[in-house]
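# Observations on the model geometry
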Amino acid sequence: MLDKELIVSAPGKVILHGEHAVVHGKLALAVALNMRTYLRVGLSADSRVSLNLPNINTFLSWDLSSLKTLMPAYATELQKVDKPDHGLIQQLREFMGVLEGSMENSTLATLAFLYLYVSIFAGSRDWIGITVTVWSELPTGAGLGSSAAYVVCLSAALLSACGVLSCPVNGCQISRWNREELEIINKWAFQGEKIIHGNPSGVDNAVGTWGGALRYLSGDITPLNSVPILRILLTNTQVPRSTKVLVAGVKDKILKFPAITIPVLDSINAISHECEKILGEMATGPTDKHYDVLEELFDINQHHLNVIGVGHPSLDKLCQITLAHGLHSKLTGAGGGGCGITLLRPGTDSITVDKVIKELEDCGYDCWETNIGAPGVQLHCTSSVKEEISEILWTPSSGNQQNL
Ligand SMILES: Nc1ncnc2c1ncn2[C@@H]1O[C@H](COP(=O)(O)OP(=O)(O)OP(=O)(O)O)[C@@H](O)[C@H]1O
Ligand SMILES: C[C@@](O)(CCO)CC(=O)[O-]
Ligand SMILES: [Mg+2]
């Protein structure tokens, strides 16, 4: 139960192979990124529920009594959540005054929050006024799993605030929940992703919850324990896109040209399997040949992703620029702009990397070399949060808060 306040965080992710195909039951390989979303939840002094999302300039507040009117007639068994309650989603849309199909960042984030708040607190008798502030190091809507990190944080924080999960801080700087608890967090986060994405596979919230590197196939999550350290250059083309729209576009292509599109998804599946095999072999001694294969798999998959309609000229340009320096890239996440990844061999010298970064930055892109395999969702003791993040979490601009 929420005593005074809690801070949780969850990582973003990079999909190495399998984006989009994973929505249709194929294998994906994904790794957690060392960029996180942080959430602070505190008891509110008045009986209000407030949501501060500074990254997307959203500051809202509701009277607790008005939220109670939305409580479903039944109490969801919190451990057994399965499908989203479409009746409740519709009721929340009416409550917020938004139309079905609205794609605004703020609408989707608020709908996901209210859905999780009302559903989770309906299962507990104690409705409490809370203030939730979320801030992220991840770019919003750029393919790095910002939506999943957001809903994983919401799920962990709300389930802890209403007493379903323990708050295992125990004087530690950082602590984690046990396996059963992580499974509940993941299930509720998946509900949140469904509200934001429409038809997510569940891979992004799985990485946000469990962290590390994992294989994901039709809901089965298996940690990849022996992944070698890969050097990855991440590039944000800064071209905005929506995962929901891109996922729906692939579905349309499957329906329109099944005989053409399904074999492409099967080939992406085979790429993920091949990559998994190579990563396994690399654990006992990476060779140049392994890197040759990884590079070729990036190239083939990037072509496939273009075929299924999720490429973008900005991503083509990224591939061309890096290839001119002997480096291989592919989009990551939903594509359509957003981020791409470039594989750096252990021997890639810093002069080459700096040249590539300069050329990409000249196109208006943002680049950084990254570490992958970060920990999943965790609970922080207040003093363990970086100072600049803690300042943001403590000073929401309530001046422009909208009271509803
Ligand atoms: N920091 C944040 N604060 C509030 N809402 C956020 C935040 N980050 C992401 N979101 C929510 O997630 C949505 C973006 O999700 P989307 O799935 O389109 O992109 P992504 O998760 O960054 O990329 P991908 O799904 O390809 O990995 C936003 O519209 C918003 O609703
Ligand atoms: C495009 C997609 O495959 C990955 C988005 O990060 C969607 C999903 O799996 O939910
Ligand atoms: Mg997303």
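Everything numeric in this text was worked out from a predicted model, so none of it was measured. (Residues numbered from 1 in each chain as written. Chains lettered and ligands numbered in written order. Predicted model: local features only at pLDDT ≥ 70, side-chain atom pairs only at ≥ 80, totals over all residues. Heavy atoms only, no water.)

Each protein donor to the magnesium ion (ligand 3) is listed here as S147 (OG) and H197 (NE2); together their distances run 2.2 to 2.4 Å. One end of the pair, S147, is in helix α4 (residues 146-161); the other, H197, is in helix α5 (residues 179-197), with 50 residues separating them in the sequence. Taken as a pair, S147 and H197 share a single burial class, namely buried. (Donors = N, O, S within 2.8 Å, 3.2 Å for Na, K, Ca; no water. Helix = DSSP H or I, 4+ residues; strand = E, 2+ residues; numbered from the N terminus. Buried < 20%, exposed > 50% of the residue type's maximum accessible area, 1.4 Å probe, protein only.)

Within the largest apolar cluster, 87 residues are counted, with the highest numbers of intra-cluster contacts made by F113, Y117 and Y150. The element that contributes the greatest number of residues to this core is helix α3 (residues 105-122), accounting for twelve residues. If you count residues domain by domain, this core takes at least three from each of domain 1 (5-222 + 373-403) and domain 2 (228-370). When near neighbours in sequence (up to four residues on either side) are disregarded, Y150 contacts T37, L51, L53, A109, A112, F113, V134 and I196. (Core = buried A, V, L, I, M, F, W, Y, C linked by side-chain atoms within 4.5 Å. Domains from an automatic or database assignment. Contact = heavy atoms within 4.5 Å.)

So, about the sheet that holds strand β10 (residues 328-331). Taken in spatial order, the four strands of this open sheet run β10-β11-β9-β12, and their pairing is antiparallel. The outermost strands of the open sheet, each flanked by one partner alone, are β10 and β12 (366-370). Strand-to-strand twist of the sheet, defined as the mean angle between neighbouring strand axes without regard to direction, takes the value 25°. Two strands pair when backbone bridges link them, and strand β9 (residues 231-236) and strand β11 (residues 339-344) are joined in this way by six bridges, in the antiparallel orientation. When the bridges of β11 are listed, I232 appears paired with L343. In this fold helix α9 (residues 288-307) packs onto β10 and β11, with an angle of close to 40° to the strand it touches most, β10. (Pairing = 2+ DSSP bridges. Axes fitted to C-alpha atoms, helices over the stretch in contact; angles between N-to-C directions.)

So, about the site of ligand 1. Contacts to ligand 1 come from 24 residues, most closely from K13, N105, S146, H197 and R241. One of the backbone N or O atoms of A142 is found 3.3 Å from an oxygen atom in ligand 1. The separation between an oxygen atom of ligand 1 and a polar main-chain atom of S147 is 2.9 Å. Relative to its unbound accessible surface of 630 Å², ligand 1 loses 97% to contact with the protein. A molecule is said to occupy a pocket when more than half its atoms come within 2 Å of that pocket's grid points, and by this definition ligand 1 occupies the largest pocket. Elements represented by at least two residues in the shell around ligand 1 include exactly α3, α4 and α5. (Near = heavy atom within 4 Å. Polar contact = N/O pair within 3.5 Å; in protein donor to acceptor, adjacent residues only side chain to side chain. Areas by Shrake-Rupley, 256 points an atom, 1.4 Å probe, with all protein chains shown as cover. 1 Å grid on protein atoms, 1.4 Å probe; cavity = no way out; pocket = protein on both sides within 12 Å on 5 of 7 lines; lining within 4 Å. Sits in = over half its atoms within 2 Å of the grid points.)

Moving on: the domain arrangement of the protein chain. Taken as a whole, the protein chain is organised into domain 1 (5-222 + 373-403) and domain 2 (228-370). A straight line from the C-alpha centre of domain 1 to that of domain 2 covers 28 Å. On the surface where domain 1 and domain 2 come into contact, there are three salt bridges. Here K26 makes a salt bridge to D266, at a shortest N to O gap of 2.7 Å. Taken together, the links from domain 1 to domain 2 amount to 14 residue pairs in polar contact (both at pLDDT 80 or more). For the side of domain 1 that touches domain 2, the secondary-structure elements that each account for two or more residues are β1 (5-17), β2 (28-43) and α5. Classifying every residue of the side of domain 1 that touches domain 2 by side-chain character gives 16 nonpolar, ten polar and four charged. (Salt bridge = Lys/Arg side-chain N within 4 Å of Asp/Glu carboxyl O. Nonpolar A, V, L, I, M, F, W, Y, C, P; charged D, E, K, R; others polar.)

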